[in-house]
Amino acid sequence: MDMETITSIKPLLATVTPLLCILLIILSRRIPNLRELWTIIASLVTFSIVASMVKTLYTGKVIAYKLVEVYPGIDVAFRVDAFGLFFALLSSFLWIVVSFYSIGYMRSLNEHSQTRYYAFFAVAISSALGVAFSSNLFTLYLFYEILTVCTYPLVTHNQDNEARSSGRIYLGYLLGTSVAFFLPAILFTYYFAGTLDFSLHGILNGKASNGMITFLFLLFLFGIGKAAIMPFNGWLPRAMVAPTPVSALLHAVAVVKAGVFCQLRVYFNIFGVELLHNQNLDIFLIYFVSITILLGSLFALKQDDIKAMLAYSTISQLSYIILAAGLYSYHGMLGGVVHIVMHGFGKITLFMCAGSILCGAHIKKISRLGGIGRRMPITMLAFFFGALSVAGIPPFGGFMSKWFLALGSIEAHQWPILVVLLTSTLMNLGYFMPVVFISFFGKDSESVKRDPDIREPSPFIVAPLAFTALVSLAIFFYPYPFIRLAEIFVKSMMGG
Amino acid sequence: MTDQAPILVILFPLMFAFVTPLLGWWKKDLCYPWVLCGLSLSTIFSIITLKEVLNTGVIHYHLGGWDPPWGIEYVIDHLNSFILVLVASISLLVAIYSKRLVKEENPEKEAYFYTLFLLQVTGFLGIVATGDLFNLYVFLEIASLAGYALIAIGEGQAPFATFRYLVMGTIGACFYLLGVGYLYMVTGSLNMADLSQILPNLYHSKVVMVALIFFLVGVAIKMALFPLHAWLPDAYTYAPSATSALVAPLMTKVSVYVMIRIIYTVFKPYYSIEILPVNLILGWLAVIAILYGVIMALRQVDIKRMFCYILIAEIGYMVGGVGLANRLGLTGAILHIMNDALMITCLFLVAGAVVYKLGGHNINQLRDAFKKMPFSMAAFAVVGLSLIGVPPTCGFFSKWYLILGAIEAENWIFIVALLLSSAINAILFFKIVEIAYYGEASHDHNEDSNGGNTIDEAPVSILIPLGVVALAIILAGIFSGKIVSGIIQFAVPPNL
């Protein structure tokens, strides 16, 4: 891309730090406190390295680092632009929070194989950062695949029959789509464009026939299964069999956001928004994902399992982000990109609350939550905050991105999208608010009555979720540096 | 000494083979270090030869100082110097690995086993080094005869399987010999380089055409190309562990090498591709071999037999690459000779370790193997990912070149076969992983506190070669760009 480039090893360091910590985790497997300390230290170090790149990017530069050439003209290489740093900042920051939460959660449930759990968690974060910093489609695919494989032991942590069948579905969807569609899409792109490097205005413009462009577009749309666009969404609700911190960080932030991140990367920097616009693929895209937005919310309405409801809610919200590539307007793109962060903080809060309810009250069903808010006020208040943010109600972060998206759909003259957004918001409130209401004002349910021991679990669990709930609020008033990075990225694509 | 390197690569195992029985008669325990010594020397000289070729170009070594075409000539170019190193080093690793297995499976017969082992390696190395068609036949027979004997030592139905292999193998060798005879009849020469000069004037001759067909049929039997594969699964399943780890990866690869030599060196590509539709036939056979191999592998409950069918599918990859008849395809095929040799070696090494520790090669014996044999299973995970084609393992890069070659040749059916086999390999791999990972329904929740007690790993002499090969699978992937630009691109005929 035509921007001033600085060579620095920082992106590599940020990606490798979690991997180095695995060695320490395994070595100290007999001393749990030391083992967890390594995770915390690694998360802090990783976040510091990522954060130290923000200043450089504010000045309009990009950071690049080439690791090794794997094929003439194709490198494993990192290139940190505003969009990549945006995603990396979110993932590495939330890793710190979830590390504390994991300690509380895993110990309170006395989970087995915790060493394995922390080790693969670190691999997952490393590959999410790798996805964020990739400078070309090849490197992106490399980390995308590692992310799929290394999350398998996390999803199937329980090692029972349910985990086994969920694991099959998880890999079936994710590996299946990537091998069947994503990989051929990359190879065809290379064949036509002669390169796989991300570029500001795409690399496919004028390189292939219109029919081929449409074909490639569909391959990418269905190939990046982590974005959970219908009909390839079935794996996400099934992945909820994982321990809650995994669902919280990976299936609300790192993995699924890596999916939408890859989708946007491809649309922005492989096709280029102009190319999509000229071929009317942007219109197809927004209406296609609208189906996912509406159906996801609709399915969430009828779930009784808290995590399943959150999963369908995530499916719906992920497609909000995809709208960025289809709404051919400044605010549309900005809104989609910013929604990555806003939804991230909101949804991770909700998942951590679900885990807190499981640890404190051993309840998984919404129908049994009656009166629980009176016993676990902090958790349920945080749930309320998270829900408002995800639904997009001011003064919470989620409102900001939804506002931009609505503005973008008006700018792009796509009125129906506005209706889709508003309908989905209503449905969001429809599935979240009853939960909040019955937990505070409803009658005590049978399970709550029977168990006098229900109380807030360990501070390791409650503090992180209270923290992210407050962040979802604070980020409405102080959205920097995320919004600034998003602006830099969107402006660079709109040509300054 | 370095002038003589090409012949020393082959002489060391041959001479050491003759001394081994005497040594075994005197002191049995000396056989193992003696074999390692011989193979190490061979490996060192193969590396010297490779360096020499890279520095100064093709080496012509005239045996006994007799000039070709009358004397035997060894021609070492980029293609076979590279395969020499591969064969020598894998033989060395398998020899290291064989220590405990031979003691356990063939007690009292180590000396005979190792004599045959060295003769087998001599045969492989000779086939690869020679530039003379008849000399190649001699080495082919040395390798085959040693192979029959090594396999017949095995368990259960091994003698019967060997008999079947012997009949098929002899027919294959006869076809090859007839091909040599026909060419000698019309040209009076046996030297490959000489033949490639004389033959273009005789391309109209039916005798030459029949010779090429006989060559290909003979080699196809030796490499077990569908539909001439039927001898392979039985032979390699019942063979002793160390034998299958040596023969399974190398015999087939060496045969693919011979096929490339005949199509691209002895005959000019335009004859074997344009005048005779060899590439068309090979392309279709490859597709059928790939699909047949992976589907049959799915049905197996014996892991060694399953690996045999995977091998049959992998042969399809290489033959398909040869059949694409363009630079990318042939590069992919040659790269896959290395990658597949590593992968199949690794698979059979794991199988041997499993047989040694868990007592059999039925898939159900792997229950809880991740807990009992974490290192062996980690190596298995690496090779599994490579078979699926997850970067950065080497299997991904073979597919990368092969698919790009297929796009160029517009051979869509081959792409579909490759992708389908990736998907089925994923099912195969996770079928084993599921059994080895989930184990019994109950699991120990305090594994972290008393963990380690349940580990019952294979001995170090097995683990070291296994670790080296698993690491090589990853490194060969990461450095595949360097391997292709440094060696393989010179191995592909320039006029292709």
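Calculation criteria
Residues numbered from 1 in each chain as written. Chains lettered and ligands numbered in written order. Predicted model: local features only at pLDDT ≥ 70, side-chain atom pairs only at ≥ 80, totals over all residues. Helix = DSSP H or I, 4+ residues; strand = E, 2+ residues; numbered from the N terminus. Rg over C-alpha atoms; globule rule 2.2 N^0.38 Å. Buried ≥ 20, exposed ≤ 12 C-beta atoms within 10 Å, placed from the backbone. Contact = placed C-beta atoms within 7 Å. Domains from an automatic or database assignment. Nonpolar A, V, L, I, M, F, W, Y, C, P; charged D, E, K, R; others polar. Pairing = 2+ DSSP bridges. Axes fitted to C-alpha atoms, helices over the stretch in contact; angles between N-to-C directions. Parallel < 35°, antiparallel > 145°, perpendicular 65-115°, else oblique.

Chemist: Help me out: how do you make sense of the overall build of chain A in this one?
Modeler: If you tally the helices and strands in chain A, you get 21 helices and 3 strands. Relative to the 2.2 N^0.38 estimate, which gives 23 Å for 496 residues, the radius of gyration of chain A is 21 Å and therefore close to what a compact globule would have. If one aligns the C-alpha atoms of chain A with their principal axes, the spans along those axes are about 70 × 55 × 45 Å. Across the 496 residues of chain A, 62% fall into the buried class. In chain A, 81% of the contacts between residues at least 6 apart in sequence involve partners at least 24 apart.

Chemist: Any chance you could explain the overall build of chain B here in plain terms?
Modeler: Secondary structure assignment for chain B yields 21 helices and 2 strands. Its C-alpha atoms give chain B a radius of gyration of 22 Å, within 12% of the compact-globule value 23 Å for 496 residues. Contacts in chain B between residues at least 24 apart in sequence constitute 79% of all its contacts with a sequence separation of at least 6.

Chemist: Got a minute to help me understand the domain arrangement of chain A in this structure?
Modeler: Interfaces are frequently sized by the accessible area removed from exposure as the parts join. All names here are of chain A. With domains assigned, chain A is organised as domain 1 (1-174 + 238-261) and domain 2 (273-496). Listed per partner, the contact involves 32 residues of domain 1 and 34 residues of domain 2. Listing elements by their share of the side of domain 1 that touches domain 2, those giving two or more residues are helix 3 (54-58), helix 4 (82-108) and helix 10 (244-271). Counting residues per element, the side of domain 1 that touches domain 2 draws most heavily on helix 4, which supplies 15 residues. The residue inventory of the side of domain 1 that touches domain 2, partitioned by class, reads 25 nonpolar, 5 polar and 2 charged.

Chemist: Would you mind showing me how to read the sheet that holds strand 1 (residues 5-7) of chain A here?
Modeler: Strand pairing in a sheet takes place through backbone hydrogen bonds and is either antiparallel or parallel in direction. All names here are of chain A. An order of 1-2-3 is seen for the 3 strands of this open sheet, with the pairing classed as mixed. The sheet is open, and its two edges are formed by strand 1 and strand 3 (74-80), each paired on a single side. On average, each strand axis in the sheet is tilted by 40° relative to the strand beside it, whichever way the strands run. Pairing of strand 1 with strand 2 (residues 62-71), which is carried by 3 bridges, proceeds in the parallel orientation. If you follow threonine 7 over to strand 2, its bridge partner there is alanine 64.

Chemist: What should I look at first to understand the pairing of strand 3 of chain A in this one?
Modeler: Look at any regular strand and the pattern is simple: side chains alternate between the two faces of the sheet. All names here are of chain A. Taking burial as the measure, the 7 residues of strand 3 include 6 buried ones, the bulk of the element. As paired strands, strand 2 and strand 3 are joined by 7 bridges and run antiparallel to one another. Bridging from a neighbouring strand, glutamate 69 pairs with aspartate 75 of strand 3. Counting the residues in the hairpin turn of strand 2 and strand 3 gives 2 residues, including glycine 73, whose phi is positive at 90°.

Chemist: I tried to follow the pairing of strand 2 (residues 73-76) of chain B on my own but got confused; where do I start?
Modeler: Residues and elements named next belong to chain B. Here strand 2 shows a buried face lined by Glu73 and Val75 and a second buried face lined by Tyr74 and Ile76. Alignment of strand 1 (residues 59-62) against strand 2, held across 4 bridges, turns out to be antiparallel. Opposite tyrosine 61, over in strand 2, you have tyrosine 74 as the bridge partner.

Chemist: Honestly, the packing of helix 1 (residues 10-27) of chain A against helix 2 (residues 32-51) of chain A in this entry has me stumped. Any pointers?
Modeler: Helix packing geometry: the angle between the two helix axes and the distance between the axes. All names here are of chain A. Where helix 1 meets helix 2, the axes come as close as 9 Å, and the angle between the chain directions of the two elements is 180°. By the angle class used here, helix 1 and helix 2 are roughly antiparallel. Along its contact with helix 1, which presents Lys10, Leu13, Ala14, Thr17, Pro18, Cys21, Leu24 and Ile25, the element helix 2 presents Arg35, Trp38, Thr39, Ala42, Val45, Thr46, Ile49 and Val50. Taken together, the residues of the contact of helix 1 with helix 2 sort by class into 11 nonpolar, 3 polar and 2 charged.

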